[in-house]
Amino acid sequence: MKTWQDILKDSINSSAALNAYFNTQHTSIDTIIATYPMRINSYYLQLIQNAGDALWKQAVPVEAELNDPVCIEDPLDEENLSPVPNLVHKYPDRVLFLISNQCAMYCRFCTRKRKVGTDKMAITSQTINAGLEYIRQHPQVREVLLSGGDPLLLPDSQIESILSRLRAIPSVKVIRIGTRVPCTLPMRVTPELTAILKKYHPLYINTHFNHPAEITPESSAACMMLANAGIPLGCQTVLLKGVNDSPEIMRKLLLKLLEIRVKPYYLFQTDLTAGTNHFRTSTATGIAIMRSLIGHISGLAIPTFALDGPGGKGKIPLTPDYILTRGDSLVFQNYRGETCTYPESGDGI
Ligand SMILES: *Cc1c(COP(=O)(O)O)cnc(C)c1O
Ligand code: SF4
């Protein structure tokens, strides 16, 4: 049986390999991937049914990445919000700690496209030690989000080393791992890895699925193994034009996630990341999708639709507006569009 390392080695990362596989003639891809790398491992590759489908769009570069008229390299101002390299401290009580520059696939819409998978993202034992030391010196940090890149592309021993050192810091109450591996390389979730992760509870994992076709027997098995280790699983989906920007696809994705024991957490409005403008929808599209879901399907399946404020201003929820008027009574529309009234209590503030 092929190991996850074999599957990863067996990745398409040049136009020649891509054209040979799909019988296409893309010539400009090598110029794009000199800036923004491509990696389509053999597992994700076989999920792509046709050139141009929703999975292809997430994985295969297009020229628009190099001709983005609108967006900027670091829209969330992460570099300025990093007191030490690869650690973003934006909110008072939690930090984002980048511990890997590798991913099982390089998503074309990645918010950290400026550096993920390139040597611009230098992660060494020194940067990891400096990050741990910063967390030790800042006891207000009660939650650490491990991200990258993908933390689960590190070898088991390195994952264990980082988790154990984090757990030795008493002020760190919660560890959260952001990983796309359950979707893009589910065979990375091995019994050995799971046995390590479960030693460091409370540990949460937020994974990242964008399309119902990404939910397969393999990805279900990976999520099942993690959930059986007591790890609560959330999902951070990105709203992507031409991939999942329709009520039908989103509904199918969210309901399937619940079936594989993953609770939808965020649906993100696309960030203003250079090279991703062609994926951006209007916020109205996302709000309309949310309105089509809320009340119609299980509340468990409903993520928070969120916009991450440009300049590192933080995430805000974008919610459909159900309220018609406020006053002595709150007048609102329900999910079916019926008008309802709730009399206020009179002790108003
Ligand atoms: C998104 C993010 C977080 C986590 O935010 P939650 O709302 O708790 O999921 C933390 N730090 C940074 C820098 C972030 O971008
Ligand atoms: S897995 Fe996440 S970090 Fe890696 S390329 Fe995709 S979106 Fe970016």
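Right, let's walk through the structure included here. (Residues numbered from 1 in each chain as written. Chains lettered and ligands numbered in written order. Predicted model: local features only at pLDDT ≥ 70, side-chain atom pairs only at ≥ 80, totals over all residues. Heavy atoms only, no water.)

### Here we look at the site of ligand 1
Threshold: Working definition: residue near molecule or strand if any one of its non-hydrogen atoms lies within 4 Å of it. Counting of polar contacts relies on pairs of N or O atoms within 3.5 Å, with two restrictions inside protein: one atom must be capable of donating a hydrogen and the other of accepting it, and residues adjacent in sequence are counted only when both atoms are side-chain atoms. Helix and strand labels come from DSSP, where a helix needs a run of H or I of at least four residues and a strand needs a run of E of at least two; each type is numbered from the N terminus. Residues were grouped as follows: Ala, Val, Leu, Ile, Met, Phe, Trp, Tyr, Cys and Pro as nonpolar; Asp, Glu, Lys and Arg as charged; and all remaining residues, including Gly, as polar.
Every residue near ligand 1 is listed here: Val-88, Lys-90, Tyr-91, Arg-94, Leu-96, Leu-145, Arg-176, Tyr-265, Tyr-266 and Lys-315. Within the side chain of Tyr-265, an N or O atom sits 2.6 Å from an oxygen atom of ligand 1. Lys-315 places a side-chain nitrogen or oxygen 3.2 Å from an oxygen atom of ligand 1. Where the shell around ligand 1 is concerned, the elements lending two or more residues are β3 (87–91), β4 (94–98) and β9 (263–268). With three residues, the single largest contributor to the shell around ligand 1 is β3. Within the shell around ligand 1, the residues separate by chemical class into six nonpolar, no polar and four charged.

### Concerning the nonpolar core
Nonpolar side chains in soluble globular proteins tend to end up buried together. What counts is decided by this rule: Side-chain atoms within 4.5 Å are what join buried Ala, Val, Leu, Ile, Met, Phe, Trp, Tyr and Cys residues into a set we call a nonpolar core. Each residue is placed in one exposure class: buried if its accessible area under a 1.4 Å probe, protein chains only, is under 20% of its type's maximum, exposed if it is over 50%, and partly exposed if it falls in between. We call two residues contacting when some pair of their heavy atoms lies within 4.5 Å.
Ile-40, Ile-135, Leu-146 and Leu-197 are the most contacted members of the largest nonpolar core, which totals 87 residues. Ile-40 has contacts with Asp-10, Ser-11, Ile-12, Leu-18, Leu-45, Ile-48, Ala-59 and Val-60, leaving out every residue within four places of it along the chain. Membership of the second largest hydrophobic core comes to eight residues, among which are Val-88, Leu-98, Tyr-106 and Met-121.

### Remarks on the sheet that holds strand β13 (residues 329–333)
So the rule is basically this: For two strands to pair, DSSP has to find at least two bridges joining them. Fitting a line to C-alpha atoms yields each axis, with helices limited to the stretch in contact; the angle taken between N-to-C directions then spans 0 to 180 degrees.
Spatial strand order, β12-β13-β14: three strands in an open sheet with antiparallel pairing. Edge positions in the sheet fall to β12 (323–325) and β14 (339–343), since each has one partner strand and no second. Strand-to-strand twist of the sheet, defined as the mean angle between neighbouring strand axes without regard to direction, takes the value 35 degrees. Note: β12 against β13, two bridges, orientation antiparallel. Paired with Thr-325 across the strands is Val-331, a residue of β13.

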